[in-house]
Amino acid sequence: LMVGIALIMVYSHINMSKYLLDIYMEESLINETSLEIVSDQTAGLIELSSGNAEADVQENISRIHEKAGSLQKMITMMKEGMITFVEQPGMPINKIRDIDNRGAGREAIVDSGLGREFETESRDFREMLKVLVRDPVIMAQIEDHLEFTGKVWPYEHGTSNIVNDPLMKNYYKLTDASKGIALSEYVAIDYL
């Protein structure tokens, strides 16, 4: 009887984990789709401003775009690093078999040093936008999109959680940060 109860409990925990991993997968794919849409819209804004904006505004737009691009490259490197860790480089996330691997985040984000560098650079990005964007409502939107740069986020989603979380949850966190950066870039450029 005890063994039977134990098996049922283990089975229910496995299903719960699979269910949560599927949610993170679905949300990651939604974030990546949103990122593509926002990136296209931002490219349109940049193209529109290239001939119409003053030189100093154009320079600020270029700085924002370059910094956001640099952050996006770091995120891509961390995502690819996790997928490489589970020995499936180049595979899309919805085809990865080992999405519950708990070592991928430690290797690709923490041990590589990219996570700490990303944390520092994303805070610099937020501070740069604070200087450029004078409208408090627009800045509140930007800060909402960049919530992962705040003081609370590292305690809730920081290094200790990255080390212990499965690949899919860490992948989701990266796609969420990526979408936040893209939305912040768009809002700031649209404001300028």
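Fair warning: this is a prediction, and the values are worked out from it, not measured in the lab.

Cut-offs used in this document
Residues numbered from 1 in each chain as written. Predicted model: local features only at pLDDT ≥ 70, side-chain atom pairs only at ≥ 80, totals over all residues. Heavy atoms only, no water. Helix = DSSP H or I, 4+ residues; strand = E, 2+ residues; numbered from the N terminus. Buried < 20%, exposed > 50% of the residue type's maximum accessible area, 1.4 Å probe, protein only. Contact = heavy atoms within 4.5 Å. Polar contact = N/O pair within 3.5 Å; in protein donor to acceptor, adjacent residues only side chain to side chain. Phe/Tyr/Trp six-rings, centres within 6.5 Å; stacked < 30°, edge-to-face > 60°. Axes fitted to C-alpha atoms, helices over the stretch in contact; angles between N-to-C directions. Parallel < 35°, antiparallel > 145°, perpendicular 65-115°, else oblique. Left-handed = near helix turned anticlockwise from the far one by under 90°. Nonpolar A, V, L, I, M, F, W, Y, C, P; charged D, E, K, R; others polar.

Some words on the environment of I142
Argument step 1. Here I142 shows up in helix α5 (residues 136-145).
Argument step 2. You can call I142 buried: its relative accessible area is 0%.
Argument step 3. Spatially, the C-alpha atom of I142 lies 7.0 Å from that of V187, the residues being 45 residues apart in sequence.
Argument step 4. The residues contacting I142, other than those within four sequence positions of it, are L129, V133, S184, V187 and A188.

Considering the side chain of Q72
Argument step 1. The residue Q72 is located in helix α2 (residues 55-85) in this model.
Argument step 2. The exposure class of Q72 is buried, given its relative accessible area of 16%.
Argument step 3. Among the polar contacts listed, one links the side chain of Q72 to the side chain of S178, at a separation of 2.4 Å.
Argument step 4. Those residues in contact with Q72 that lie beyond four places of it in its chain are L35, S178, I181 and A182.

Section: the packing of aromatic side chains
Argument step 1. On inspection of all chains with the given rule, the structure shows two aromatic pairs.
Argument step 2. Aromatic side chains Y24 and Y172 sit 5.5 Å apart centroid to centroid with 45° between the ring planes, which places their arrangement in the tilted category. Of the two residues, Y24 is situated in helix α1 (residues 2-52) and Y172 in helix α8 (residues 167-191); the sequence distance between them amounts to 148 residues.
Argument step 3. When its relative accessible area of 21% is taken as the criterion, Y24 is described as partly exposed.
Argument step 4. Consider the rings of F118 and F148, whose centres lie 5.7 Å apart with planes at 15°: the pair is stacked. Remark: F148 occurs in the loop between α5 and α6 (153-157) and F118 occurs in helix α4 (residues 114-132); sequence separation between them is 30 residues.
Argument step 5. A residue is classified by how much of its surface remains accessible, and F148, at 8% relative accessible area, is buried.

Quick word on the packing of α2 against α4
Argument step 1. Where α2 contacts α4, the two axes come as close as 10 Å, and the packing angle between them is 160°. When the axes of α2 and α4 are compared, the pair comes out roughly antiparallel. Relative to α4, α2 is oriented so that their crossing is left-handed. Contacts between α2 and α4 involve N60, R63, I64, K67, A68, L71, M74, I75, M77 and M78 from the former and L114, G115, E117, F118, E121, S122, D124, F125, M128, L129 and L132 from the latter.
Argument step 2. Split by residue class, the contact of α2 with α4 holds 13 nonpolar, three polar and five charged.

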